[in-house]
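Single-letter residue listing:
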Amino acid sequence: MDQLLDELNPQQRDAVEATDGPVLVVAGAGSGKTKVITSRIMHLIQKGVSPYQILAMTFTNKAAQEMKSRVERVVGRDARDLTISTFHSFCALFLRREIAHLDRDSSFVIYDTSDQTTCLKRVIRSMDLEEKHYPAQKMRGKISYIKNTGDMEGRLSNEIEHNIYRAYQEELLAQNAMDFDDLLHLTCQILENFGEVQERYRRRFEFIMVDEYQDTNQIQSKLINLLLGEHRNLCVVGDEDQSIYGWRGADITNILHFDTHYPGTRVFKLEQNYRSTQPILDYANAVINQNKLRKPKKLWTDQETGLPVRIRDEYSGGIEAENIIQEIMGLRRRHDLEFSDFAVLFRSNALSRMLEENCRKYRVPFQLIGGLKFYDRKEIKDILSFMRIVVNPRDWTSFARAIGVPPRGIGAKSQDKLYTYFNSGLDIGEVMARAIEDKAFGGRGYKGLVAFEALYRNLVAWSKEYKPSVWLGKLVKALDYKDYLERLDDVGIESRIDNLEELLTSMEEQEKQGIETLSQFMDFSALVNDQDDVDPDQPRVNLMTVHAAKGLEFDTVFVMGLEDGVFPNQRTLDDNPNSLEEERRLFYVAVTRAKRRLYLSYARSRQTYGKVNRNIKSRFLKQPIVNPDQEPARSTGRPRTSGRWGSLDDQVGKMEAKLSALGAKADFSNVVNGGGGQDSSGTVSLQSGDIVEHASFGVGTVSLVMGRGSSQRVSVHFRDKRIRTFIAEKANLKKLGDS
DNA sequence: ATCAGTACGTTTTTT
DNA sequence: ACGTACTGAT
């Protein structure tokens, strides 16, 4: 028991021991956040709290699983009674039990993004609207946003859009379906309106914890409030500097104003970083310092030595990608690293193509996280649509898909006819039986319908008899699905069949974890995300967006595409000028993923939409380091040979040399703080370029001066190529002269 | 109903 | 550049 607390630093320990009342843990990147949450759970259990009464909310299944297994390792079987889950999984489970309160059936299906779009498309079409004026995807985004924020007027621009929204909800209801956002809404609705239910859950969850609190939106914070009993034992953990989901309704003020919303809140700040070296943290601090919407916080580490952050100016996106892959190969060889120690991060998925190509070219194994998602692939969606109609015989969206797999001669016309039956309140099985009875249409379609109806009855029967994986095998066989895939496709047959196998494997895996029904499996498949795919056991280079990288760490991180308009993303900026800070937080998240090496790069030209665009270096690279006109360490124009990755510290030195050659006064101190400030401390007056001597490290050059006063830090580039960062006041550096 | 050929818009991020 | 979504022919 004591050992548990001994492994924590003082701030962490305080946070763990503060079990009663509202608690806010501000946990900087890499500060041992997960450790604090899991230790807190164990601490509660050791104090005699029943695991049954503990609820922990996370954003990804991966985080939930990780926490659960960490706790399990220490407390053993007791961990089974814990509720550690994502918001969405929690709500799905809740609704399966409680949705009868809303007079709905517990066999509802959960629609993912593309199901929503399909459904919206049909709605818009049936309203006889010009689809060009009301693109289903845009509407989907708007609807989701207003569901998450409650900001109805802010997003829906006119009466017609309101009507679409209403018709969409009606359609979902008719299909006994709900989208991701409804999971939260309906849960809140039940808790709000049925005091008995609320009381039951409040009594049960005596201790509530929320991870990644900076990314909660309005509805999530509402849910927490509804679940929170009078004990107010709520502990939220997060970091406003890592809030990157504003675009989907996350409300950073939830964390910034937590202490005013919950009077009596105790706040604990975790600033010691256990992940990265000091030069990386210095850089990260300098980046995030530019933001206004935050409370002061500064990460530090006792790993003071480390390699400098490196930056590279490239001629084109293709060369950028090639150099990254080559650098990875070189580093791996020289430093005995695994491919899985590397990650390449980018702002948007479209940037990954060049990387993929170069990985193939150099035979570097890679793993692309995101992009087209497993559960979004045709073959997987096909199969899932069958599962869904078996579980929920009102799911018209899935029915419309399944009936064309493989084609059965039932096209749009015949489907319309069937839909009129459906509209009169029948479920799918009844619709088909009636249509057959009435001979609603003839010829090929009729034969197809008879066959499909028989298959459907079989599928329903099998679902009661067999476990999901066996059921799946029978379905694939009955459809002759593999054969269908082969006829369908001239490319990608193999990968499609592979995916099918993977689905089966995943299903068997889930069965081992205790899943028994198709319905449970579908909830799982709807609610997993891409991060859940990251597989550290496979030695592959990880390629992903910065968003997908949140919460992960890698020995060496490359952040590419650092051009203005790309990162920060221009569309985001156009949408909402305030989002520059969110873009910067995104950059901050990117750089804080790195443990030991951080490489940044940008390309002067890049192909998008098949067109070549010229870009300039990202303002994120300019701001924190030196003045905006700074040239990169190496001039470009000569692809491939544009040399090595220059270090930021090198650049400062070179820049200064250049300026002094011109007779200009070189002074880069305080630039990181926005410049202009005088060093008021008076104890040390170092600036970039000064030659200094340190008692144990020897002679070196000052490469960066940051901050002022007692918190001022100085980076020194020593002769033996090591970089160390010192607290200026304490370092005892002897100035030997200017450069 | 299905296929082949073509026109078009897409790409910011995702539970 | 690429996938989709539409058009007209079978």
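Quantities reported herein were computed from a predicted structural model and do not represent experimental measurements.

Student: Looking at this model, I keep getting lost on the overall build of chain A. Mind explaining?
Tutor: Each helix and strand in chain A was counted, giving 31 helices and 22 strands. A total of 739 residues make up chain A; the buried ones form 56% of that total. Long-range pairs, those at least 24 residues apart, make up 74% of the contacts in chain A with a sequence separation of at least 6. As displayed, chain A has an accessible area near 33,200 Å², and 47% of this comes from carbon and sulfur atoms.

Student: Just to check I follow, could you spell out the protein's contact with DNA strand C for this structure?
Tutor: With respect to spatial proximity, the complete set of residues near DNA strand C consists of Lys121, Arg353, Tyr609 and Gly610. Broken down by class, the residue content of the surface near DNA strand C amounts to one nonpolar, one polar and two charged.

Student: Would you take a moment to explain the pattern of salt bridges for this structure?
Tutor: Here the idea is simple: oppositely charged side chains can pair when their charged atoms come close. The final tally for this structure, using the stated rule, is 36 salt bridges. Across the salt bridge formed by Lys297 and Asp239, the nearest N and O atoms sit 2.7 Å from each other. Of the two residues, Lys297 is situated in the loop between helix 15 (278-288) and strand 9 (305-306) and Asp239 in the loop between strand 7 (234-238) and helix 13 (253-256); the sequence distance between them amounts to 58 residues. Taken together, the salt bridges that share partners define one network made up of Lys33, Asp211, Glu212, Asp215 and Lys550.

Student: What's the story with the packing of aromatic side chains in this structure? I'm lost.
Tutor: One pair of aromatic rings is described through two measures. These are the centre distance and the angle between the planes. As enumerated under the stated definition, the model contains 18 aromatic pairs in all. Plain terms: the ring middles of Tyr283 and Phe587 are 6.2 Å apart, the flat faces sit at 90° to each other, and that makes the pair edge-to-face. One end of the pair, Tyr283, is in helix 15; the other, Phe587, is in helix 29 (residues 579-591), with 304 residues separating them in the sequence. When sorted by exposure, Tyr283 lands in the same class as Phe587, which is buried.

Student: Could you clarify how one ought to interpret the pairing of strand 15 (residues 594-608) in this entry?
Tutor: Looking along a regular strand, one sees side chains alternate from face to face of the sheet. Examined bridge by bridge, strand 10 (residues 310-316) and strand 15 share six bridges and lie parallel to one another. When the sheet's bridge partners are listed, Arg310 is paired in strand 15 with Tyr599. Bridge count between strand 14 (residues 554-559) and strand 15: five bridges; the pairing is parallel. Bridge pairing in strand 15 links Val557 to Leu598. The pairing of strand 15 with strand 16 (residues 611-614) spans four bridges and is antiparallel. For Arg606, the partnering residue across the bridge sits in strand 16 and is Asn613. Between strand 15 and strand 16, which pair antiparallel one after the other, the connecting turn spans two residues, and Tyr609 there sits at a positive phi close to 55°.

Student: Just checking my understanding: could you explain the sheet that holds strand 8 (residues 266-270) for this structure?
Tutor: Backbone-to-backbone hydrogen bonds pair the strands of a sheet. The strands run either parallel or antiparallel. Spatial ordering of the open sheet is given by 3-2-6-7-1-8, a layout of six strands whose pairing is parallel. The open sheet terminates on both sides in strands that have one partner only, identified here as strand 3 (83-86) and strand 8. Looking at each pair of strands side by side, their axes are set apart by 15° on average, direction ignored. Relative to strand 8, strand 1 (residues 23-27) runs parallel, the two sharing five bridges. If you follow Leu24 over to strand 8, its bridge partner there is Val267. Those strands touched by helix 3 (residues 33-46) are strand 1, strand 2 (54-58), strand 3, strand 6 (207-210), strand 7 and strand 8, and its axis lies near 175° from that of strand 6. Set on the sheet, helix 4 (residues 61-75) makes contact with strand 2 and strand 3; between it and strand 3 the angle comes to about 160°.

Student: What am I meant to see in the nonpolar core here?
Tutor: As a rule of thumb, nonpolar side chains are buried together in soluble globular proteins. In this structure, Phe386, Met387, Leu418 and Trp471 are the most contacted members of the largest nonpolar core, which totals 67 residues. Among the elements that take part in this core, helix 18 (residues 378-391) stands out by supplying eight residues, more than any other. Ranked by size, the runner-up nonpolar core spans 42 residues in total, among them Leu24, Ile110, Ile190 and Tyr262.

Student: What should I look at first to understand helix 26 (residues 518-527) in this one?
Tutor: Count 3.6 residues to each turn of an α-helix, and residues three or four apart come out pointing the same way. When you tally the buried positions in helix 26, you get eight out of ten residues, the bulk of the element. Three or more residues of helix 26 are buried, namely Leu518, Ser519, Phe521, Met522, Asp523, Ser525, Ala526 and Leu527.

Student: Can you walk me through the UniProt feature "binding site: ATP" (unreviewed entry) in chain A in this structure?
Tutor: Mapped onto this numbering, the UniProt entry annotates "binding site: ATP" (unreviewed entry) at Ala27, Gly28, Ala29, Gly30, Ser31, Gly32, Lys33 and Thr34. Judged by relative accessible area, which is 1%, Ala29 ranks as buried. Excluding anything up to four places from it in sequence, Ala29 contacts Asp239, Gln242, Asn273, Arg275, Leu299, Thr592 and Arg593. Here Gly30 lies in the loop between strand 1 and helix 3. Given a relative accessible area of 17%, Gly30 falls into the buried group. Here Gly30 is in contact with Gln272, Asn273, Tyr274 and Arg275, once residues within four sequence places are set aside.

Student: Help me understand the environment of Leu384, please; the structure alone is not making it clear to me.
Tutor: Within the fold, Leu384 resides in helix 18. For Leu384, a relative accessible area of 9% corresponds to the buried category. Between the C-alpha atoms of Leu384 and Leu503, which are 119 residues apart in sequence, the distance is 9.9 Å. Leaving out residues up to four positions away in the same chain, Leu384 has contacts with Tyr375, Phe521, Met522 and Ser525.

Student: Help me understand helix 9 (residues 159-174) in this model?
Tutor: If you check helix 9, its first and last C-alpha atoms are 23 Å apart, about what 16 residues at 1.5 Å a residue would give, namely 22 Å. Within helix 9, the full set of buried residues consists of Glu161, His162, Ile164, Tyr165, Tyr168, Glu171 and Leu172. Once helix 9 finishes, Asn176 follows within two positions and takes phi at roughly 50°, a positive value.

Student: Honestly, the environment of Ile219 in this entry has me stumped. Any pointers?
Tutor: Secondary-structure assignment places Ile219 in helix 12 (residues 218-227). Separated by 50 residues in the primary sequence, Ile219 and Lys269 have C-alpha atoms spaced 26 Å apart. Among all residues touching Ile219, those that are not within four sequence positions of it are Lys147, Asn148, Leu184, His185 and Cys188.

Student: Explanation requested: the side chain of Gln116 in the structure shown.
Tutor: Tracing the backbone shows Gln116 in helix 6 (residues 113-126). Judged by relative accessible area, Gln116 falls into the buried class, the value being 4%. Residue contacts for Gln116: discarding those within four places in its chain leaves Tyr111, Arg140, Tyr168 and Asp179.

The rules behind each value
- Residues numbered from 1 in each chain as written.
- Chains lettered and ligands numbered in written order.
- Predicted model: local features only at pLDDT ≥ 70, side-chain atom pairs only at ≥ 80, totals over all residues.
- Heavy atoms only, no water.
- Helix = DSSP H or I, 4+ residues; strand = E, 2+ residues; numbered from the N terminus.
- Buried < 20%, exposed > 50% of the residue type's maximum accessible area, 1.4 Å probe, protein only.
- Contact = heavy atoms within 4.5 Å.
- Areas by Shrake-Rupley, 256 points an atom, 1.4 Å probe, with all protein chains shown as cover.
- Near = heavy atom within 4 Å.
- Nonpolar A, V, L, I, M, F, W, Y, C, P; charged D, E, K, R; others polar.
- Salt bridge = Lys/Arg side-chain N within 4 Å of Asp/Glu carboxyl O.
- Phe/Tyr/Trp six-rings, centres within 6.5 Å; stacked < 30°, edge-to-face > 60°.
- Pairing = 2+ DSSP bridges.
- Axes fitted to C-alpha atoms, helices over the stretch in contact; angles between N-to-C directions.
- Core = buried A, V, L, I, M, F, W, Y, C linked by side-chain atoms within 4.5 Å.
- UniProt positions renumbered as here; feature names shortened; annotations may be inferred.
- Expected span 1.5 Å × (residues − 1).

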